[in-house]
Structures are given as structure tokens and as C-alpha cells.
Amino acid sequence: MAEPFCEQEDDGETVVSVIIADGPTDRIDKALARSVPEEASLSRTRLMRMISQGAVLIAGQAVTDPKTKVSAGDVVLLILEPPTDVETLAEDIPLTVMYEDDDLIVIDKPAGMVVHPAPGTPNGTLVNALLAHCGETLSGIGGERRPGIVHRIDKETTGLLVVAKSDRAHHGLAAQFEKHTVNRRYLALVHAVPNAADPRLRGVKGVTFETGGIIKIATLLSRHKTDRQRQAVVWHDGRHAVTRVRVLEAFADQAALVECWLETGRTHQIRVHMTYAGHSLLGDQTYGGKRKLSPKAVGEGPAALGNGFARQALHAATLGFTHPVSGEWLEFTSPLPEDMANLLAALQAGKEAAAG
């Protein structure tokens, strides 16, 4: 009896043999989406592209019409070309690698590094660095030899992110992010001190309180109406976003070290949600406005350091996920970067001086 799935190498190409399984449809595009095993790591989008490119064969003949009829038991050959090299330039940029294997890599990103090339930042990005670091160990994502970006952190935000090196890892990680099973925890320094007893905070729409001093912020997020570089809280025609916040340490009534964790991962989510709740991040020039720390409350030195902080004080400190191939739970932690650690130490020293 023929195996439902097998593959063989032929002149650098991979030939995948698929036997159409029983099912409710006889169209080849839908039948392949149902019949190709998960371990083949072929998305519906890629299968459609292969059909249009003549890389799907029945009885030796290319099938280019996705509506072509097939029956259960038909043998379909899929011709997978070797991964092509992307045009993005590989750059020898130092990286802090927390973990790496054949399928994925975990990076501790510094401030100032953009994750993915864009018209305004074609080089110097994490992707440029990964192309050089990983080289031939990239097995190909969607038919291209490139790192698979499944989530991002802002340019000036530091900390952990995971990148896929293979199609199977890319699919598996993307599914975990979609199901919100990835543990992502951030440390932030914010203005004032979030407090569940604060009547102002209790009156903010979308803000609720859970046991253990946890504040939950649930809204919709969308692009700002007048500033396309910003996100804004909306209540119609936006994307669902949930952030949870817990205060770790307070500094007078001026600032707090908080832990934030994400149920969803929208653009600028923590920065927008904390600003919406009245506790914008120190150093956040986009969302923080003109708020300043009071020298009388926290001390001259800490106030000067906090008010002059050059970026949003946000660090992706914890990242946990199930390895998409081995099934092992992996969790990583990253210490505060030097600038945030110095700011926190100054605030703590000011707090001790005031108490003494």
C-alpha cells in the first residue's frame, strides 16, 4: 500500500508525493490543503503559488488551475525548488544569542535595532544580522532562505524575541502566537503608580482588576486618525488587545516599575495601553507627552536621569514557548539593559535617601 506522504531529492529539487485523502471536495487546491501532512510545512498560500507556477503534477502533467478535479487516492507530485536567497543584504552585526538550534534562534535585541527591513531602514536590521549569522543553516521559509519573523518588538524596546529558521518552526511558532500560548513578560518604568484603589483608574473604560493586584486593560487598537505612525485606543473597527499589569516597586507617587504581560501582541500595545490608563512610559516621546518626574519627590539625580531618558523604558524580559519541533517548553529571561538598570538604581537610591 502506498504511503500517504513521502519525499525524495532530485537534482536539488525536493519531490513530495501526496495521496489525496477522502474528503468533501474534489478541487485540487482544497484537496491538497486537506491532504498534505503538517510535517511538510506547506501553507495554503504556498500551495496556491506552486499550482500557479506549474509545480504541481498529476500523471506527469502540470496542473495550473486550482479548480482541477481530483479524487481520493490520486497521487499528486509537488516539486519544491531549493530555497532561494533573498535580496536583503547579509550584514555582520553582533548579536546576543540566548539559544539556537536547527529550527529557531532566540535573540536578546538591543535598543536602536529595527527587526525587519523597511523603506526607511533597508539595512542594519535584525534580519540583516540573522542572514549573516545563520547563513546556510536557514532551511527556507516559504521557499526563500530567510529568517521567519513571527513577532516583533519596537526599535527602541530591548529584549527577547524568537525567530524561525525553518518552515516547520515558522508554522508552529505562528500558531502559538495566534493562540496566545506564548509567555511574554515585559518590565517597564512608568509615570505615577497604577493603583486599583485609584477612583480615576477605576473609571477608565476597559480597565478592570483581578486578584493579586493585577490590572487588566482590554480595548481595541487601531491606527491613529491623524498620525499614521501611532496607534490609538478605539471601540469600533479595531483589533482586540489585552494587557495585564502588576506594580513591582513604587517611587513616591511619581514612578513605578511594573511587569506587563500580553494576551495579544499588537503594535505599540503596552505603550498605548499604559498611556491610555494614565501611566505612560518614562522616555516615551511618541506617547508620553511632556510629563516630568518631580525632583522634590524622587531626588534631583533620579529626576534628571528619568526626564532625560532617551527611549521608552520598556524591556522584553521573559519569553516562553513550546519548541515547535521537539515539543519541549523553553523559557528565557533577559536582565535589564544598562540604561534601564541605571535608571532603576537611581530611583531606588532616591527612595532610600528619602526614607532615611
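From a predicted model like this one, the values you see are computed outputs, not experimental measurements. (Residues numbered from 1 in each chain as written. Predicted model: local features only at pLDDT ≥ 70, side-chain atom pairs only at ≥ 80, totals over all residues. Heavy atoms only, no water.)

Asker: Before we move on, can you summarise the packing of aromatic side chains with the specific residues and values?
Answerer: Taken as a whole, this structure holds three aromatic pairs when the rule is applied. A network of ring pairs unites the aromatic residues Tyr99, Phe321 and Phe332 as a single cluster. Between Arg185 and the ring centre of Trp261, over which it is positioned, the NZ or CZ distance is 4.3 Å. (Phe/Tyr/Trp six-rings, centres within 6.5 Å; stacked < 30°, edge-to-face > 60°. Lys NZ or Arg CZ within 6 Å of the ring centre and 35° of its normal.)

Asker: Lay out empty space enclosed by the protein with the relevant residues and their values.
Answerer: In this structure the tally under the stated criterion is two cavities of 30 Å³ or more. Reported here for the largest cavity is a volume of approximately 40 Å³. Split into classes, the residues belonging to the lining of the largest cavity amount to seven nonpolar, one polar and no charged. By volume, the second largest cavity amounts to about 30 Å³. Taken together, Gln176, Phe177, His180, Thr181, Val182, Arg184, Leu262 and Glu263 form the lining of the second largest cavity. (1 Å grid on protein atoms, 1.4 Å probe; cavity = no way out; pocket = protein on both sides within 12 Å on 5 of 7 lines; lining within 4 Å. Points joined across faces, edges and corners; volume = space filled by probe spheres on them. Nonpolar A, V, L, I, M, F, W, Y, C, P; charged D, E, K, R; others polar.)

Asker: I'd love a proper account of the packing of helix H1 (residues 28-35) against helix H2 (residues 44-52), names of residues and values included.
Answerer: Two elements in contact, H1 and H2, have axes separated by 10 Å at closest approach and are oriented at 135°. The orientation of H1 with respect to H2, classified from their angle, is oblique. Viewed along their axes, H1 and H2 form a crossing whose handedness is right-handed. Contacts from Ile28, Asp29, Leu32 and Ala33 of H1 reach H2 at Arg44, Leu47, Met48 and Ile51. When grouped by side-chain class, the residues that make up the contact of H1 with H2 number six nonpolar, no polar and two charged. (Axes fitted to C-alpha atoms, helices over the stretch in contact; angles between N-to-C directions. Helix = DSSP H or I, 4+ residues; strand = E, 2+ residues; numbered from the N terminus. Parallel < 35°, antiparallel > 145°, perpendicular 65-115°, else oblique. Left-handed = near helix turned anticlockwise from the far one by under 90°. Contact = heavy atoms within 4.5 Å.)

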